[in-house]
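Chain and residue survey
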Amino acid sequence: MENIIQTKLAHLTFKSPVFTASGTYGYADEYDDFLDVSEIGAIVTKAISLKPREGNKHTRIIETQAGMINSIGLENLGIEGFLEKKLPVLRAKNIDFIMNIAGSSMEEYALLGEICSQNNIKAIELNVSCPNVKSGCLEFGVSADSLYNLVSKVRENYDGFLIVKLTPNVTSIEELALACKRAGADCISAINTLKGLEVKFELVNGKFRKTKVQGGYSGVGIQPVALSMVNRIRQAVDLPIIGMGGIYTLEDMLKFFAVGADAIQIGTANFTYPDIAKKLQDELREYIIKNNFKDLDDLKNKIRTCFNEQ
Amino acid sequence: MAEHKKIHKGIVKNLKKCSKDIYLLELESETSFVSTAGQFISIFCERTLRRPFSIYQNDGNTVSVLFREIGKGTKYLTSLKENDIVDFSGPFGNGFEIKNKRALLIGAGAGVAPVSYLKTELEKRGIESLLISGFRDKDDIPSCLNSDFIVTDDGSNGIKSNVIDFARLKVKEFNPEIIYSCGPLIVLKKSSELAKELGIEAQVSMEKVMACSIGVCRGCVIDVIKEGQVQNASVCKDGPVFKGSEVVWKI
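About the criteria used
Residues numbered from 1 in each chain as written. Chains lettered and ligands numbered in written order. Predicted model: local features only at pLDDT ≥ 70, side-chain atom pairs only at ≥ 80, totals over all residues. Heavy atoms only, no water. Helix = DSSP H or I, 4+ residues; strand = E, 2+ residues; numbered from the N terminus. Rg over C-alpha atoms; globule rule 2.2 N^0.38 Å. Buried < 20%, exposed > 50% of the residue type's maximum accessible area, 1.4 Å probe, protein only. Contact = heavy atoms within 4.5 Å. Areas by Shrake-Rupley, 256 points an atom, 1.4 Å probe, with all protein chains shown as cover. Lys, Arg positive; Asp, Glu negative; His and termini not counted. Charge placed at Lys NZ, Arg CZ, Asp CG, Glu CD. Buried area = accessible area lost by both parts, 1.4 Å probe. Salt bridge = Lys/Arg side-chain N within 4 Å of Asp/Glu carboxyl O. Polar contact = N/O pair within 3.5 Å; in protein donor to acceptor, adjacent residues only side chain to side chain. 1 Å grid on protein atoms, 1.4 Å probe; cavity = no way out; pocket = protein on both sides within 12 Å on 5 of 7 lines; lining within 4 Å. Points joined across faces, edges and corners; volume = space filled by probe spheres on them. Nonpolar A, V, L, I, M, F, W, Y, C, P; charged D, E, K, R; others polar. Expected span 1.5 Å × (residues − 1). Pairing = 2+ DSSP bridges. Axes fitted to C-alpha atoms, helices over the stretch in contact; angles between N-to-C directions. pLDDT = per-residue confidence, 0-100. Parallel < 35°, antiparallel > 145°, perpendicular 65-115°, else oblique. Right-handed = clockwise from strand over helix to strand, strands pointing away.

As a further point, take the overall build of chain B. Looking only at helices and strands, chain B features 4 helices and 15 strands. A compact globule built from 251 residues should have a C-alpha radius of gyration of about 18 Å, and chain B, at 18 Å, falls within 12% of that. Along the three orthogonal principal directions, the C-alpha set of chain B runs to about 50 × 45 × 35 Å. The proportion of buried residues among the 251 residues of chain B is 59%. Counting contacts in chain B only where the partners sit at least 6 residues apart, residues at least 24 apart contribute 61% of the total. Only carbon and sulfur atoms are counted for the fraction: they give 47% of the accessible area of chain B, which is about 10,700 Å². Placing the 35 positive and 32 negative side-chain charges of chain B at their respective mean positions leaves the two points 4 Å apart.

Right, let's get into the environment of A:I115. Residues and elements named next belong to chain A. You can see I115 is positioned in helix α2 (residues 106-118). Assessed through its relative accessible area of 16%, I115 is described here as buried. Measuring from C-alpha to C-alpha, the distance between I115 and F97 comes to 16 Å, with 18 residues separating the pair along the chain. In contact with I115, not counting residues within four places along its chain, are L50, I79 and L83.

A word on the interface of chain A and chain B. At the interface, 32 residues of chain A touch 30 residues of chain B. Counting each side, the surface lost to burial between chain A and chain B is near 2,600 Å², with a carbon and sulfur contribution of 54%. For the pair chain A and chain B, the interface holds 5 salt bridges. Between A:E75 and B:R218 there is a salt bridge, and its shortest N-O distance comes to 2.9 Å. Taken together, the links from chain A to chain B amount to 15 residue pairs in polar contact (both at pLDDT 80 or more). For the side of chain A that touches chain B, the secondary-structure elements that each account for two or more residues are β5 (61-64), β6 (67-70) and α8 (269-272) of chain A. No other element matches the 3 residues that β5(A) contributes to the side of chain A that touches chain B.

Residue and element names in this part refer to chain A. Here the structure, examined in full by the defined rule, presents 3 cavities of 30 Å³ or more. Here the largest cavity defines a volume of roughly 540 Å³. As for the largest cavity, its lining consists of 37 residues, of which S22, T24, N70, N192 and T193 are closest to the centre. Of the residues belonging to the lining of the largest cavity, the class tally is 18 nonpolar, 17 polar and 2 charged. Space inside the second largest cavity adds up to approximately 50 Å³. If you go around the second largest cavity, the residues you meet are L12, T13, F14, D96, F97, K122 and A123.

A word on helix α10 (residues 296-308) of chain A. All names here are of chain A. Compared with the 18 Å implied by 1.5 Å per residue over 13 residues, the 18 Å span of α10 between its first and last C-alpha is a close match. All of the buried residues along α10 are L296, D298, L299, K300 and R304. The inward-facing, buried residues of α10 abut β1 (7-9), α7 (250-259) and α9 (276-290). By the N-cap criterion, in which a side-chain oxygen at the helix start approaches the backbone nitrogen of a residue two or three places on, α10 is capped by D295, the distance to D297 being 3.2 Å.

With that out of the way, let us pick up the sheet that holds strand β10 (residues 187-190) of chain A. Residue and element names in this part refer to chain A. What the 8 strands build is a closed barrel, ordered β3-β4-β7-β8-β9-β10-β13-β14; its pairing is parallel. Neighbour-to-neighbour, the strand axes of the sheet open up by a mean angle of 25°, direction not taken into account. In the sheet, β10 pairs with strand β13 (residues 241-244) via 3 bridges, with the strands oriented parallel. From the neighbouring strand, S189 faces β13, where its bridge partner is I242.

Right, let's get into the sheet that holds strand β12 (residues 207-218) of chain A. Residue and element names in this part refer to chain A. On the basis of which strands lie adjacent, the open sheet formed by 4 strands has the order β5-β6-β12-β11 and antiparallel pairing. Only two strands of the sheet have a single partner each, and these edge strands are β5 and β11 (194-204). When the angles between neighbouring strand axes are averaged without regard to direction, this sheet yields 45°. Bridge analysis of β5 against β6 gives 4 bridges, and the strand direction is antiparallel. When the bridges of β6 are listed, T64 appears paired with G67.

What follows deals with the environment of A:L296. All names here are of chain A. Note that L296 resides in helix α10. Along the primary structure L296 and V204 are separated by 92 residues, whereas in three dimensions their C-alpha atoms are 55 Å apart. With residues up to four places along the chain from it excluded, the contact list for L296 reads I4, I5, Q6, T7, P17, F257, L284 and I288.

Attention shifts here to the confidence of the model for chain B. Of the residues in chain B, 98% have a pLDDT of 70 or more, and the chain-wide mean is 93. Scoring the predicted complex yields pTM 0.94 and, for the interface, ipTM 0.91.

What follows concerns the pattern of salt bridges. A full pass over the atoms with the stated rule returns 34 salt bridges over all chains. Note that B:K119 is salt-bridged to B:E123, the shortest N-O span being 3.5 Å. In this pair, B:K119 and B:E123 are both assigned in helix α2 (residues 112-124), 4 residues apart and thus about one turn of the helix distant. Its relative accessible area of 5% is what places B:K119 among the buried residues. Taking the relative accessible area as the measure of exposure, B:E123 reaches 46% and is therefore partly exposed. Through salt bridges with shared partners, one network takes in A:E39, A:K278, A:D282 and A:R285.

Looking now at the packing of α7(A) against α10(A). The angle between the axes and the distance between the axes are what describe a pair of packed helices. All names here are of chain A. Axis separation between α7 and α10 bottoms out at 8 Å; the angle between their running directions is 70°. Here α7 is positioned roughly perpendicular relative to α10, judged by the angle of their axes. Between α7 and α10, the contacting residues are L254, F257, A258 and V259 on the first element and L296, L299, K300, I303, R304 and F307 on the second. Partitioned by chemical class, the residues of the contact of α7 with α10 number 8 nonpolar, no polar and 2 charged.

On to the side chain of B:S35, then. All names here are of chain B. Mapping S35 onto the fold places it in the loop between β2 (22-29) and β3 (40-43). Side-chain polar atoms of S35 contact the side chain of Y117, separated by 2.8 Å. In this structure S35 touches I55, N58, P91 and Y117, once residues within four positions along its chain are discounted.

All names here are of chain B. Where burial is concerned, most of strand β11 (residues 178-182) is hidden: 5 out of the 5 residues are buried. Neither face of β11 is left uncovered, since the one carrying I178, Y180 and C182 and the one carrying I179 and S181 both have all their residues buried. Pairing geometry for strand β7 (residues 103-108) and β11, over 5 bridges, is parallel. Bridge assignment links L104 to a residue of β11, and that residue is I179. For β11 and strand β12 (residues 201-205), the ladder comprises 5 bridges, and the chain directions are parallel. Note on β12: the bridge partner recorded for Y180 is Q203. Chirality of the crossover, the property in question, places the unit of β11, helix α4 (residues 185-198) and β12 among those that are right-handed.

Here's what the structure looks like:
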């Protein structure tokens, strides 16, 4: 049977436009209790650095009015650990995945790219925008020149599908998208988390106590920002875009397609609804059939046309 | 294909106010599951993050939790009515490791839930146990306990003592071979210290704000010492029950 939600991003084909976002899906094996992960479009791994990282010591997560803030600090098992322990599992289960990588220097990113090439990793997503690491990846993501240099360096070393994940914490996301394109990126994903702070006070015996987390804000509250950013990127470059930010429903997903996303990632919603990726994918397929669209591309074209009408 | 059996629909069978702000919530699960004392379920509370609760009782069909109404999530739970449908996931984590040893159980506040569950499990196996539970005052004591001794900080009901001081008194006659505890961090730390003094094992049930409940987000990590090194452990997946001697106490 023809797959009506098949999604082509440049030269790479995915079985659906529904992916899961880095940092919310581990390395996929943890989700076996909720769904068959091999059925979803792709999972993006938790960010992987050259060496293992322990992450931050302070309180790492806090809920906000319309989402959550995390300050994990890229805790991960390092690329050697990933290749040894996680990659064989992903491959054995036939899970389509995109490897998210994070370096702390240009050389580290380049080396990570090279290792990914050597190991036939089909697609990587560069994390150039983590707000929770003191030195390193954020700086690359906020200046067009340094981002251009970084992406160029990785491009030289990596011959697979190269996605760059952009941060919204910048003045002109258009310039950064253009820098990615010039440097040879295949695709842009957006947005990473917004910088945020939440603090909760408790009055104990007349004295205030606080719980504070400053870090990356995600969840339903960031959706309007994400839609705006994806739309601005769409107008600036003709690269495929993977949109994300507070997606919980089919309607949310359609909005991202309308403003210019070719695929989407589900992030924070995975924590609350661990089987949501499969559910939204099924709902999308049913919506296309029920409303007599030819396929996903037909739906995207029509909703985009409507969005772009004066 | 693996069975995807960790998301459940629960019908509210009973929501009972057991003390000033501690409630008992009983859910009849559409899908039955087995659990061990110390494991938890995560209930969708119409907020961004699910709320994790140690299981209080589980007979395979009906699972219950004890919780204190403290914020928006738990306020949602107290607004539930009989026959409402609740979305919950689990059971998650590693519960208490049951050993054939005379057990001192220490529970404080709503933390009494998993040790009370454990007491039932120990009794089934014929293992001798003594459950001491501690509360702030008489209005704080839930009406549904299988506790051997109840102490209150102000002495308004039961014995006036903090739960650890009273446990110290009791160990002389009870002579425990293992201590299991759940409650505020300070109670867990002092339970571990007491076990260390007695040269016996302590198992403690830790608590942290969680996002995913399954170890992926790394939001609920604590420091533990394993093989002589400080390492990260997630409360949700590696815990919530840890050996007291492994926890790096930050209090």
